[in-house]
Amino acid sequence: MLTIQLAGHAIGLDCRYDYLPRLCRDYRTTCPPEWTVAADDRDLLRENPDGGPCAPAYLESLALYRKICERLIGQDILLFHGSALAFEGRAYLFAAPSGTGKSTHAALWRQVYGERVTMINDDKPLLHVTPAAVTVYGTPWAGKAGLQTNTSAPVGGIVLLRQAPENDIRPLTPRDAYPRLLGQTHRVADPRGLLRTLDLVRRLADLPVYELGCTPTPQAARLACRTLTQKETLP
């Protein structure tokens, strides 16, 4: 049995393989678990419907994270597919279809702003959505590069990326942002959980949300940073 702390909750993992204890080493806690998740062979098959060459230990990690997210939605916490970083006390999220370049854009922020940037999670962070604020939390599930930090920060804005020949950025209305944000969240099968997800995404859409047409250059990171922070003179 392994107990980890995610988004303020102690969660027990009944895992069969040693991959998860290594993956979650930065999130282990001695607190008693509030609840426990386990995955059987059917759950592992669900994560690999095409029967590709995936290790059972890796599939178990995906299955357990799915079960965790299905429980956390009841606490107004949802999984967001995107890259999350912290800069000067605020977090910013970058989302796009796979292969568009969200990790590349986050890397450009690290290149331009150095140690002023902390990677919270480069692939699957958790968002706690309340009427007052949205807080992003790091998780061990952080993509191929494993870029993550066990930390949290209030979300100051969201950027939806698209590749473009020139850099340009524009604000999105909540109505325009909503379906695109919904496409980046994990939607549970349970009807009540699905309704909760839809409501949480509606609140996400009320944050400052921008569409950034970007090139893979430092200038794109500078443009996004100036817009998100509303500071005209940033090094």
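Use the structure listed above.
Residues numbered from 1 in each chain as written. Predicted model: local features only at pLDDT ≥ 70, side-chain atom pairs only at ≥ 80, totals over all residues. Heavy atoms only, no water.

1. Description of the overall build of the protein chain
At step 1: Helices and strands together make up the secondary structure of the protein chain, namely seven helices and 12 strands.
At step 2: In terms of overall size, the protein chain behaves like a compact globule, its C-alpha atoms giving a radius of gyration of 18 Å where 235 residues would be expected to give roughly 18 Å.
At step 3: When the backbone C-alpha atoms are referred to their principal axes, the protein chain occupies close to 50 × 40 × 35 Å.
At step 4: Burial statistics for the protein chain: of 235 residues in total, 49% are counted as buried.
At step 5: If you sum the accessible surface of the protein chain, you get close to 11400 Å²; carbon and sulfur atoms cover 50% of it.
At step 6: With 27 positive and 24 negative side-chain charges, the protein chain shows a spacing of 2 Å between the two charge centroids. (Helix = DSSP H or I, 4+ residues; strand = E, 2+ residues; numbered from the N terminus. Rg over C-alpha atoms; globule rule 2.2 N^0.38 Å. Buried < 20%, exposed > 50% of the residue type's maximum accessible area, 1.4 Å probe, protein only. Areas by Shrake-Rupley, 256 points an atom, 1.4 Å probe, with all protein chains shown as cover. Lys, Arg positive; Asp, Glu negative; His and termini not counted. Charge placed at Lys NZ, Arg CZ, Asp CG, Glu CD.)

2. Here we look at the pattern of salt bridges
At step 1: Within the structure shown, the criterion is met by 16 salt bridges.
At step 2: A salt bridge links Lys67 to Asp43; its shortest N-O distance comes to 3.5 Å. Taken together, the positions of Lys67 in helix α3 (residues 56-72) and Asp43 in helix α2 (residues 41-46) put the pair 24 residues apart, joining distant regions of the chain.
At step 3: In this structure, Asp168 engages Arg162 in a salt bridge whose closest nitrogen and oxygen atoms are separated by 3.1 Å.
At step 4: The class for Asp168 is partly exposed, based on a relative accessible area of 31%. (Salt bridge = Lys/Arg side-chain N within 4 Å of Asp/Glu carboxyl O.)

3. Quick notes on the nonpolar core
At step 1: Phe80, Leu127, Val155, Ile158, Leu181 and Leu204 are the most contacted members of the largest nonpolar core, which has 27 residues in total.
At step 2: Among the secondary structure elements, those contributing two or more residues to this core are β5 (83-87), β6 (90-95), β8 (126-129), β9 (134-137), β10 (152-163), α5 (174-182) and α6 (191-204).
At step 3: Top element by residues in this core is β10. It accounts for four residues.
At step 4: Setting aside residues up to four positions removed in sequence, Leu204 forms contacts with Leu78, Phe80, Leu127, Val129, Val134, Ile158, Leu181 and Val209. (Core = buried A, V, L, I, M, F, W, Y, C linked by side-chain atoms within 4.5 Å. Contact = heavy atoms within 4.5 Å.)

4. Structural notes on α3
At step 1: Compared with the 24 Å implied by 1.5 Å per residue over 17 residues, the 24 Å span of α3 between its first and last C-alpha is a close match.
At step 2: Regarding α3, the residues found buried are Ala57, Leu59, Glu60, Ser61, Ala63, Leu64, Tyr65, Ile68, Cys69 and Leu72. (Expected span 1.5 Å × (residues − 1).)

5. Observations concerning the side chain of Glu211
At step 1: Inspection of the secondary structure puts Glu211 in strand β12 (residues 209-214).
At step 2: Within the structure, the side chain of Glu211 is placed 3.0 Å from the side chain of Arg180, a separation counted as a polar contact.
At step 3: Beyond its immediate stretch of four places on either side in the chain, Glu211 contacts Leu160, Arg162, Asp168, Ile169, Arg170, Leu172 and Arg180. (Polar contact = N/O pair within 3.5 Å; in protein donor to acceptor, adjacent residues only side chain to side chain.)

6. Focus: the packing of aromatic side chains
At step 1: Scanning all chains against the criterion turns up six aromatic pairs.
At step 2: The interplanar angle of 90° and the centroid separation of 5.7 Å between the aromatic rings of Phe87 and Trp109 together place this pair among those described as edge-to-face. In this pair, Phe87 sits in strand β5 while Trp109 sits in helix α4 (residues 102-113), placing the two residues 22 residues apart along the sequence.
At step 3: Residue classification places Phe87 among the buried positions, given a relative accessible area of 1%.
At step 4: Among the aromatic residues, ring-to-ring pairing joins Phe87, Tyr92, Phe94, Trp109 and Tyr113 into one connected group.
At step 5: We note Arg71 situated over the ring of Trp35; from NZ or CZ to the ring centre the distance is 4.4 Å. (Phe/Tyr/Trp six-rings, centres within 6.5 Å; stacked < 30°, edge-to-face > 60°. Lys NZ or Arg CZ within 6 Å of the ring centre and 35° of its normal.)

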